[in-house]
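# Architecture and fold: a report
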Amino acid sequence: MKKNKILAVICSALAVFSAVSLPLASTGALKVEAATDTCISGDYKYNVLDDGTVSVSKYVGNDSSLQIPSIIDGKKVTKIGKNAFSFCNIVKDVTIPNGVTSIDDHAFLWCKNLANIALPDRLTSIGASAFYGCESLSSIAIPGSVTLIDSEAFRYCKKLQSITLKNGIKTINKNAFVGCKSLQTITIPESVETMEDYMFIDCDSLKSINVDGKNRNYSSREGVLFNKDKTELITYPCSKNNISYSIPGKVKTIKTMAFKNCCALRNVTIPTGVVKIGESVFYNNDSLRSVTIPYTVTSIGYYAFAACDSLKSIAVDSKNKNFVSAEGVLFNKDKTVLMQYPGGKENISYIVPNSVVLINGEAFRDVGCLDRVVIPAGIKGIGSDAFRGGKLSIIYGYTGTVAEQYADKNDIKFTALSTENIVAGDINGDGKININDAVRVQKAIVGAMKFTIEQTLAADVNYDGKVDILDATTIQEFSIGLIQSI
C-alpha cells in the first residue's frame, strides 16, 4: 500500500521532472514510464489531469469487447484522450462509462471493426475525427448532453445507417457526416444553433434531412435542408428520387455542393431572385440535362456544373449582367473567361472564342464527345484539370503559347496553327461571315477547293468533326439573317 502511494505521487509529478531519467518501477499492474507523464494500469495507458481525474491515452490490450473502466487506480475517468484507440482494429464493441465528459480528437480514428459503441449520458463534446473511418459502425445515439460535434467526427463511417441526435446539441462542425454512405435519413433537433458547411457530402443513400419545427436557425421542406427563412438552400439529399426540382422562390443563395452527386435529378429550376450559386453546387450530377441561370445571379462558384455527364446546355437569361452563354457554353459577360463546357454536349470539336483569356479549372471535365479543341493565341491561363476525364485527343493552338504548354504537360497531341485567329464560319479570314464563306464550303465539299487545317476548323460550324452541306447551309442562313448566331 505504501509503495502504491509513493508511485501515485511520482506519476503525478513526472510532467515537472520530464527531463530526468527514472528506472522502470512496478507494483502489480501499475507501471511508471520514464521521462513521461503517462501511467499504465492493466490494458490502459492514462494521464492524470489537473483536476485529479484520468484521461485514457492509449488502449494496449487485445480484447474485442471493452467496457472502459470508470475508475483507474482510484481516480475517476473523465476523458478519452487523443488517439487513445486510433487504428485499433481488434476492437468491435465499446462501452464508455458515465463519468466521461469528452472524447478527444481522433480517439477512435480508423477503428475499422468497431461496430457498436455506447456513449455516456454526461458526454459534452465529440472531438474532430473522433470516429473517422469507423467503417463497421452501423448506428450511433448522441446524447443531448453533447454540445459540440467537431469537424469530421463521423466522416467515412460507411455503414452508419442511423444517427440519433438528441435535443441539447448546439454545434455541428464541417464535414461531420461526410461519406456516411449508408445514412438514409436524419433529424436535426430543436437545439442545434450552428451547422458548418459540407455536412452531408457523399452521403450516397441520403433521402431526407428533417428539422424540428421549433429550431430557430434551420428548416426543412420535402426533406431538403434550408436556413430558417429559406433564403439559403443548404443541402438537397443526393439519393432523393425526384427527377425534377423547383427551388423555392425565396432562395437567394444555393450553398456550396448543395446538389453534389444527386443521381436522379434531370431538371432543376433556379428561380429569379437567386443571387449566388456556390462552388461545386451541381458537381457530378450524372442525370442533369439542362439548366437556366436567371438574370439575378451575380456569382457562380468554381466547378458549379463540372462533371455533369448528361448536361447538354447551360442557358443564361439575356438580361444577366454578369454571365452569358453561347452554344450552351457558360462564360462571364465579356467572354474573357470560359467557365463551363457542358459535359453532355455532343460536338466532337470546339473552337474557343478569341475573346477568351482564361479557361477555368475542370471547365471541360468528363466531357464525353469532345475529341479536339482550338485554343486561341490570347489564352493566358488554363485551370487545373480543365480537360480531365474527357476524350480530348488533339489541341490545336499556336507555338509558344499556354495551349502548347498545357498539351505537353498533359500528354495531349498538339497541332500548331498558322492563322492568328479562327472564327467559326469565317473561312477566308476577312473578319466577316457572308455568302462567300458558304460558297467556299460548298466547293470544299465537292473537291473543288482544298482547305487548310484552319479553314477546316472554321468551316465545321456545328462542331461534329466534319465539313458537309449542313455547315454550308448554316453559314448561308447566317449570312442572310435567317439565324442570329453560329
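Residues numbered from 1 in each chain as written. Predicted model: local features only at pLDDT ≥ 70, side-chain atom pairs only at ≥ 80, totals over all residues. Heavy atoms only, no water.

### Focus on the pattern of salt bridges
Under the convention used in this document: Salt bridges are counted wherever a side-chain nitrogen of Lys or Arg sits within 4 Å of a carboxyl oxygen of Asp or Glu. Accessible area is worked out with a 1.4 Å probe on protein chains only. A residue is then buried under 20% of its type maximum, exposed over 50%, and partly exposed in between.
Scanning all chains against the criterion turns up 13 salt bridges. Among the salt bridges present, the one from Arg 365 reaches Glu 362, with a minimum N-O distance of 3.1 Å. What makes Glu 362 buried here is its relative accessible area of 9%. What you see here is one network of salt bridges that share partners, running through Glu 362, Arg 365 and Asp 366.

### Thoughts on the pairing of strand E5 (residues 54–59)
Applicable threshold: Secondary structure elements are taken from DSSP: a helix is a run of H or I of four residues or more, a strand is a run of E of two residues or more, and numbering for both begins at the N terminus. Whether two strands pair depends on DSSP finding at least two bridges between them.
Burial runs high along E5: five of the six residues are buried. Across five bridges, strand E4 (residues 44–48) lies against E5 in antiparallel orientation. Note that in E5 the partner of Tyr 44 across the bridge is Tyr 59. Between E4 and the antiparallel strand that follows it, E5, lie five residues; Gly 52 among them carries a positive phi value of about 85°. Relative to strand E8 (residues 75–80), E5 runs parallel, the two being bridged by three bridges. Bridge pairing in E8 places Val 56 opposite Ile 80.

### Quick notes on the nonpolar core
This is how the line gets drawn: In this description, a nonpolar core means a group of buried Ala, Val, Leu, Ile, Met, Phe, Trp, Tyr and Cys residues linked to one another through side-chain atoms lying within 4.5 Å. We call two residues in contact when some of their heavy atoms are within 4.5 Å.
In this structure, Ile 80, Phe 85, Phe 108, Phe 131, Phe 154 and Phe 177 are the most contacted members of the largest nonpolar core, which totals 60 residues. Every element with two or more residues in this core is listed here: E4, E5, E8, strand E13 (139–142), strand E15 (162–165), strand E17 (185–188) and strand E19 (208–211). Among the elements that take part in this core, E5 stands out by supplying three residues, more than any other. If sequence neighbours within four positions are ignored, Phe 85 has contacts with Tyr 44, Val 56, Tyr 59, Leu 66, Ile 68, Ile 80, Ala 107, Phe 108, Leu 109 and Cys 111. Counting residues in hydrophobic clusters, the runner-up holds 45 residues, among them Ile 359, Ile 382, Ala 472 and Ile 475.

### Let's talk about the sheet that holds strand E28 (residues 299–300)
Pairing is mixed in the open sheet, where six strands are placed in the order E20-E21-E22-E24-E26-E28. Each end of this open sheet is capped by a strand with a single partner; those strands are strand E20 (218–221) and E28. Relative to strand E21 (residues 224–227), E20 runs antiparallel, the two being bridged by four bridges. Residue pairing across strands places Ser 220 opposite Leu 225, the latter belonging to E21.

### Some details on the pairing of strand E27 (residues 290–293)
Across the two faces of E27 the burial differs, with Val 291 and Ile 293 buried and Ser 290 and Thr 292 not buried at all. With four bridges joining them, E27 and strand E29 (residues 313–316) adopt parallel strand pairing. For Thr 292, the partnering residue across the bridge sits in E29 and is Ala 315.

### Things to note about helix H3 (residues 435–445)
A turn of α-helix holds 3.6 residues, and therefore any two residues three or four places apart point the same way. This is how the line gets drawn: The reported arc concerns the directions from the helix axis to the C-beta atoms and nothing else. Polar contacts here mean pairs of N or O atoms no more than 3.5 Å apart (in protein, one a potential hydrogen donor and the other a potential acceptor; neighbouring residues in sequence count only if both atoms are side-chain atoms).
Burial in H3 covers these residues: Asp 437, Ala 438 and Val 441. Projection of H3 onto a plane perpendicular to its axis shows the buried side chains occupying an angular sector of 100°, all on one side. On its buried face, H3 sits against helix H4 (453–459) and helix H5 (469–479). Regarding H3, its N-cap is Asn 434, as a side-chain oxygen of that residue lies 3.1 Å from the backbone nitrogen of Asn 436 further along. One or two residues past the end of H3 sits Gly 447, with phi positive at roughly 85°.

Function cannot be inferred from these measures alone, as they are strictly geometric.
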